[in-house]
Amino acid sequence: VNIEKNSKIWTSRQIVMDDLSVNLYTGSVCAEGIVMKEDDDTTDFVRFDTLSVSINYLKLIGKEVDVRHITLAKPKVLLVQKDSTFNFSSIINFYSTPDEEKEDEEVEENSTPWKIGLYNIRLSNGELLFQDEAHQSSWNLKDLNLAIPGIYFSGQSTDAGLSFNFAEGGEIATQAKYNMESSRYDISVKLTNFALKNILPYAKDFVKISDLKGNLNIDANACGSTKQPTDIDIKGIVSLKNIDAIDEQNSSIANLSNLTITIDSINPQKGICDIASISLDGLSSAFVMTNSGNNFSSILKSNLAQNLIPLK
């Protein structure tokens with residue numbers, strides 16, 4: 001009850017919940033049916049069935065935060081973008097510290113840093129709905145699952161995995177390893193049967209098309225250091241299957257059965273681009289000359305077409 005009464009003071013948003021239980025002996029907290037509202041206090045921003053956290057509070061004496069497990073069941077998040085702002089921008093602004101206050105903050109030079117360890121992080125059956133009002137499009141990510149054995153803020157490595165499905169078709173699974181002491185990372189990404197229809201609203205910013213069919217598959221690995229963003233080694237396989245671009249007159253512009261690219265190594269900083277093979281199958285299209293150009297230049301939006309020389 002106290003959380004619901006003071007939630008707007010603490011977070012700028014109204015929070016309601018069905019139940020909250022605390023066990024001081026085990027250091028466990030379990031909340032059920034939690035909902036954070038939008039600024040209008042009516043629309044749901046974030047909701048989830050259960051949040052369970054267990055902490056070893058005795059280690060707080062030695063300046064160590066030891067969270068033994070974090071379990072989040074069936075979270076549902078609504079993200080809305082309008083121009084350059086999001087529906088969570090007000091929360092960020094609420095917690096922002098003015099520059100004047102930051103300058104007055106005193107930091108003890110010889111203070112002992114806190115050690116933080118978050119273990120057994122589990123997120124299950126999540127859903128993320130993203131709405132882009134500028135493009136009048138929405139992305140619905142379902143079956144969102146996250147498993148992180150541990151996140152360490154004391155020089156050890158972090159190992160995390162994330163997987164979810166796209167509502168329009170496709171699934172993605174990632175595995176990431178990160179060492180905070182050396183700043184080295186190793187990320188593997190596997191994108192399967194991603195429907196290109198998901199990106200149709202954004203493609204329409206550049207070309208005049210009514211539909212974009214086909215699937216994208218990626219099985220890639222990237223490793224490098226956050227200290228040198230351009231020194232990244234990338235390898236893997238990228239493939240496009242059953243591609244068909246349809247213009248505004250419902251005519252096929254081009255279609256492709258399969259395009260597969262095998263990458264041995266790409267490193268921007270070292271200037272390496274080693275493509276092992278490119279396989280292209282079933283490409284068909286038509287090139288039509290017109291008085292003003294051709295059928296390809298006609299599908300380009302004016303901001304792109306004006307930079308191209310018409311073929312006559």
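All values reported here derive from a predicted model rather than from experimental measurement.

Some remarks on the overall build of the protein
Step number 1: Counting its secondary structure elements, the protein contains five helices and 19 strands.
Step number 2: Intrachain contacts of the protein at a sequence separation of at least 6 include 48% that bridge at least 24 residues.
Step number 3: Total accessible area computed for the protein in this model is approximately 19500 Å², and 55% of it derives from carbon and sulfur atoms.

A short note on a nonpolar patch on the surface
Step number 1: Taken together, the side chains of Tyr57, Leu58, Leu60, Ile61, Trp114 and Ile116 make up a nonpolar region of the molecular surface, amounting to roughly 620 Å² of accessible area.
Step number 2: With respect to the helices, strands and loops of the structure, Leu60 is situated in the loop between strand S4 (44-55) and strand S5 (64-73).

A few points about the layout of surface pockets
Step number 1: What the largest pocket holds in volume is close to 160 Å³.
Step number 2: Contributing to the lining of the largest pocket are Lys208, Asp247, Glu248, Gln249, Ser252, Ile253, Ala286, Asn295, Ser298 and Ile299.
Step number 3: Residue composition of the lining of the largest pocket, by class: three nonpolar, four polar and three charged.

Notes on the packing of aromatic side chains
Step number 1: In the structure shown here, the tally under the stated rule is four aromatic pairs.
Step number 2: On the basis of an interplanar angle of 20° and a centroid distance of 6.2 Å, the ring pair of Trp139 and Phe194 is categorised as stacked. Here Trp139, found in strand S9 (residues 137-152), pairs with Phe194, found in strand S12 (residues 184-195); they are 55 residues apart in sequence, far enough to count as distant. Phe194 shares its class with Trp139; the two are buried.
Step number 3: Their ring planes at 50° and their centres at 6.3 Å tell us that Trp139 and Tyr202 sit as a pair that is tilted. In this pair, Trp139 is assigned in strand S9 and Tyr202 in helix H4 (residues 200-203), connecting sequence segments 63 residues apart.
Step number 4: Residue Trp139 is classed as buried on the basis of its relative accessible area of 18%.
Step number 5: By the ring-pair criterion, three or more aromatic residues cluster together here, those being Trp139, Phe194 and Tyr202.

Concerning the confidence of the model for the protein
Step number 1: Mean pLDDT over the protein: 84, with 89% of residues reaching 70 or higher.
Step number 2: The weakest mean pLDDT in the protein belongs to helix H3 (residues 99-104) at 48; the strongest belongs to strand S16 (residues 272-281) at 95.
Step number 3: Below pLDDT 50 for its whole length, residues 305-312 participates in eleven contacts with residues either more than four positions away or in separate chains.

Things to note about the environment of Pro268
Step number 1: Mapped onto the elements, Pro268 comes out in the loop between strand S15 (252-267) and S16.
Step number 2: Distance from Pro268 to Asp233, taken between C-alpha atoms, is 8.2 Å for residues 35 residues apart in sequence.
Step number 3: With residues near it in sequence (within four places) discarded, Pro268 still touches Thr230 and Ile232.

What counts, and at which threshold
- Residues numbered from 1 in each chain as written.
- Predicted model: local features only at pLDDT ≥ 70, side-chain atom pairs only at ≥ 80, totals over all residues.
- Heavy atoms only, no water.
- Helix = DSSP H or I, 4+ residues; strand = E, 2+ residues; numbered from the N terminus.
- Contact = heavy atoms within 4.5 Å.
- Areas by Shrake-Rupley, 256 points an atom, 1.4 Å probe, with all protein chains shown as cover.
- Patch = residues over 30% accessible without salt bridge, like charges linked within 9 Å, V, L, I, M, F, W, Y side chains within 5 Å.
- Salt bridge = Lys/Arg side-chain N within 4 Å of Asp/Glu carboxyl O.
- 1 Å grid on protein atoms, 1.4 Å probe; cavity = no way out; pocket = protein on both sides within 12 Å on 5 of 7 lines; lining within 4 Å.
- Points joined across faces, edges and corners; volume = space filled by probe spheres on them.
- Nonpolar A, V, L, I, M, F, W, Y, C, P; charged D, E, K, R; others polar.
- Phe/Tyr/Trp six-rings, centres within 6.5 Å; stacked < 30°, edge-to-face > 60°.
- Buried < 20%, exposed > 50% of the residue type's maximum accessible area, 1.4 Å probe, protein only.
- pLDDT = per-residue confidence, 0-100.

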